[in-house]
Each structure stands twice: as structure tokens, then as C-alpha cells.
Amino acid sequence: MDTPCTPTSPSHEGHLQQQSHSGRLPNGVYVPMLAFFTSSDTIDVPTTQRHTARLLAAGVTGLVVHGSNGEAVHMSRRERREVIEAVADAVRHESDSHAVPIIAGCAAQSVRETIELCQESRDAGATHALVLPPGYYASIISKDAIVNYFHEVASQSPIPILIYNFPGAANGVDLDSDTLLRIAAHPRVVGVKLTCGNTGKLARMVAGAPKVRGGRDDFFVAGGSADFILQGLVVGAHGTISGFANLAPRACVRIGELFEQGRFKEARELQHEVARADWLAIRYGFVGVKAAMPYFHGEGEVSCAEPRLPFTKLQDDGNACDEIRQGMAGALVIETRLAAEAAGSN
């Protein structure tokens, strides 16, 4: 499982057709993958593929590249394509079926460039695009212009798109549920990631999307953080797109399993521990998640902790790493136990 994959090349066009004809994206945990770099500051393809295999083995439903955890803003267009190709090759190598959604972040400030990113992502193997609202001119852009931006992109993109509502990555632009539902009326806008953390908005999206889509229940609604997986499921979320799942994918998956089984007390207890750990990931961002990779996945992943400049690695002997170790200790115990249980059942 930890052996780098031999690159192949065909795109996921067959899977894209399957997804577009079969309705909503499948329910479950989607992981916004970290980006990994070599000591010479190039894309670390073997580590990327090893991590892809690890996540698939843990039972996640789909993968997201070039999200806010994936340092896309630190990469060239060529590097972005290289990462998508590496992930797509690993999926073909590791998955019995090729029905693993690969969602690529494709945000840019203009409709034209966003469409170009969608096209390049499709060519590299992505099945869907995740698109932020344009926020550079946040003080003067209207809601109508934002709705039109998404509709134009959706109409011209070769792959379906999901809305990415994350004010922190869009210069404070926080789309309300009324605006999101206007965007969702377009048939090729197929989902939303709500990193805003507003579970009321999430509930309104679950209830409102079929009404604006002609009665079709084909719109994927996901929270954008592991600290409210269960809360989202209670009001009808179809899954989560959570950066903490880079570290504890089995624990995140398990919350959903317990919920589906009606084991709510156990689900709450697990959510409490995951939320405690995820708070450290939220506070320290992708740099903190990277710092925790060796704790969760072994000292062989020390190189994973290196971000690109201007960010620097958290010091192992510093207060931040101590806080992360202590705050994530309970989640690490749970993740280790779930991995051992899975290994014992195979």
C-alpha cells in the first residue's frame, strides 16, 4: 500500500459520465489533501501517492486536491496538474472501481481563468471542480455578479462544480443560503462545501436544494470541518470535506457509521474527541496538520511537515507542537485502535 504507483495516464472521463448520470456525489468523508514537497522544493509524487493509498484504505469516499489544505496558492499551474495526475494514478492503482471522486480546487478571480483551471484539472484526471467565489474585489462585487460567475463557469466547465464557501479564503465573502440556492439552481453546480461552519445554513441548503432543482435530490451538501460532522449529519448533510481527515480518516468515517447505525451516544462521544483535536488543526491551519503527520502516520512522514515559504515548519520542541500532541492525543488513540480493528478483520 505504501509503494509509489507507476504512472498511467488516461483521464477519469468514464467516471465523470457515470457521476453526471447517476445523481448526487456519494455520501461520506472527502479529504482535502495536503500538498507534499521534496527537500529540493518540488512536488513529492511518491509521498502524495502513498498518502492517497492510505486514505483510500481508511474508507474515505473521495479526495480533494488544491483546497485550502493543499497549498494550491503556492503552486504553479504545471505543479497543480502534476499533483492531480499523481492522485489520479494512485486512485487507479489502489481502487477496485474507479468511482472515487477527485475534486480539484479551481478558483480564480475571472470566469475565463477559472474555466481554464477546470479544463486543465479535467485533463489531469479530476472529476469535479471546487470553486471559491471571487473575493479580490469583495467590496464592490454584487451578489448577482457572484451568481452569474458560478453559472458561467458551470456552463462552460467540462466537469461539474461545487461551491466552496470559505470566507477566510475569499477575502471575507460569505455567501448566504439564499444566494447559494440561486447558484444551486444550475444543473451543473452539484454541491457545496460549507467551511463557514454555519449549520443553520447547511440545513437550509439540504432542504432547499431539491426545490430549486426541479425536485431532484442530486445536490451534495457537506460541512467543511471535522468539528461538526455529526451536527451536519443530524440536519441532513451528505458528508464532510474535512482537513483533519488527513490525520484521522477512520475516526471521521466512524462518526458517520455510528450515526447511520443509530448509535448516537457513541457518535457524540467520538465527535467530542474529534472536535477537540480538530480545534488544533483549525487554529494552526495546514501547517499544524502537516506537523501532526508523523504523530499519526509514523516518523517516516517527517518530510510531510514542511510547508512552502513563506510558511515554515512548526518546531518539534516548541509550544505549538506540544499543544498539538496533547490536544490530538485522544484522537490518535482512537485512530490507532480503528486501524488495528480493520487490520484484524482482513
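Rules of the game
Residues numbered from 1 in each chain as written. Predicted model: local features only at pLDDT ≥ 70, side-chain atom pairs only at ≥ 80, totals over all residues. Heavy atoms only, no water. UniProt positions renumbered as here; feature names shortened; annotations may be inferred. 1 Å grid on protein atoms, 1.4 Å probe; cavity = no way out; pocket = protein on both sides within 12 Å on 5 of 7 lines; lining within 4 Å. Helix = DSSP H or I, 4+ residues; strand = E, 2+ residues; numbered from the N terminus. Expected span 1.5 Å × (residues − 1). Bend = angle between axes of the 7 residues up to and from the residue. Buried < 20%, exposed > 50% of the residue type's maximum accessible area, 1.4 Å probe, protein only. Contact = heavy atoms within 4.5 Å. Polar contact = N/O pair within 3.5 Å; in protein donor to acceptor, adjacent residues only side chain to side chain. Phe/Tyr/Trp six-rings, centres within 6.5 Å; stacked < 30°, edge-to-face > 60°. Salt bridge = Lys/Arg side-chain N within 4 Å of Asp/Glu carboxyl O.

Under an unreviewed UniProt entry, the name given to the protein chain is Dihydrodipicolinate synthase, and the source organism is Cercophora newfieldiana. Turning to the protein chain, the UniProt annotation filed under Sequence similarities (unreviewed entry) states: "Belongs to the DapA family."

J.: Teacher, can you tell me more about the UniProt feature "active site" (unreviewed entry) in the protein chain here?
T.: Under the feature "active site" (unreviewed entry), the UniProt entry names Y164 and K193. The largest pairwise C-alpha distance within this set of annotated residues, which runs over 30 residues, is 5.0 Å, so the set is compact in three dimensions. The annotated residues that sit in the lining of the largest pocket are Y164 and K193. Along the polypeptide, Y164 turns up in strand 5 (residues 161–165).

J.: Explain helix 10 (residues 264–297) to me, please; I cannot follow it from the model alone.
T.: An α-helical segment advances 3.6 residues per turn. Residues three or four places apart therefore align on the same side. Relative to the 50 Å expected for 34 residues at 1.5 Å per residue, helix 10 spans just 29 Å between its end C-alpha atoms, considerably shorter than the ideal helical length. In helix 10, a bend of some 125° at G285 exceeds every other bend along the element. Within two residues after helix 10, G298 carries a phi angle of roughly 105°, on the positive side.

J.: Is there a simple way to explain the UniProt feature "binding site: pyruvate" (unreviewed entry) in the protein chain in this structure?
T.: When the UniProt feature table is mapped onto this chain numbering, "binding site: pyruvate" (unreviewed entry) sits at I241. By secondary structure assignment, the location of I241 is in strand 8 (residues 239–241). I241 sits in the buried class, given a relative accessible area of 0%. The contact partners of I241, leaving out residues within four places of it in the chain, are Y30, P32, V64, K193, F220, A222, G223, G224 and S225.

J.: Could you clarify how one ought to interpret the side chain of T240 in this entry?
T.: Position of T240 among the secondary structure elements: in strand 8. Look at T240 and you get buried, because its relative accessible area is 3%. At 2.3 Å, the side chain of T240 forms a polar contact with the side chain of S242. With sequence-adjacent residues up to four places away left out, T240 is seen in contact with G28, V29, Y30, A222, G223, S225 and I229.

J.: Can you help me understand the packing of aromatic side chains in this one?
T.: The way to describe two aromatic rings as a pair is by their centre distance and the angle between their planes. Under the definition given, this model contains seven aromatic pairs. Geometrically, the ring pair formed by Y149 and F150 is edge-to-face, given 5.3 Å between the ring centres and 85° between the ring planes. Take Y149 and F150: they sit in the same class, and that class is buried. A centroid spacing of 5.2 Å and a plane angle of 70° characterise the contact between F286 and F311, whose relative ring orientation is edge-to-face. Of the two residues, F286 is situated in helix 10 and F311 in the loop between helix 10 and helix 11 (319–345); the sequence distance between them amounts to 25 residues. Residue class for F286 comes out buried when judged on its relative accessible area of 13%.

J.: What is the right way to look at the pattern of salt bridges in this model?
T.: For side chains of opposite charge, pairing can occur when their charged atoms come near one another. A full pass over the atoms with the stated rule returns 26 salt bridges. Note that R112 and E116 form a salt bridge whose closest N and O atoms lie 3.8 Å from each other. Of this pair, R112 and E116 both sit in helix 4 (residues 111–124), four residues apart, roughly one helical turn. A residue is classified by how much of its surface remains accessible, and R112, at 65% relative accessible area, is exposed.

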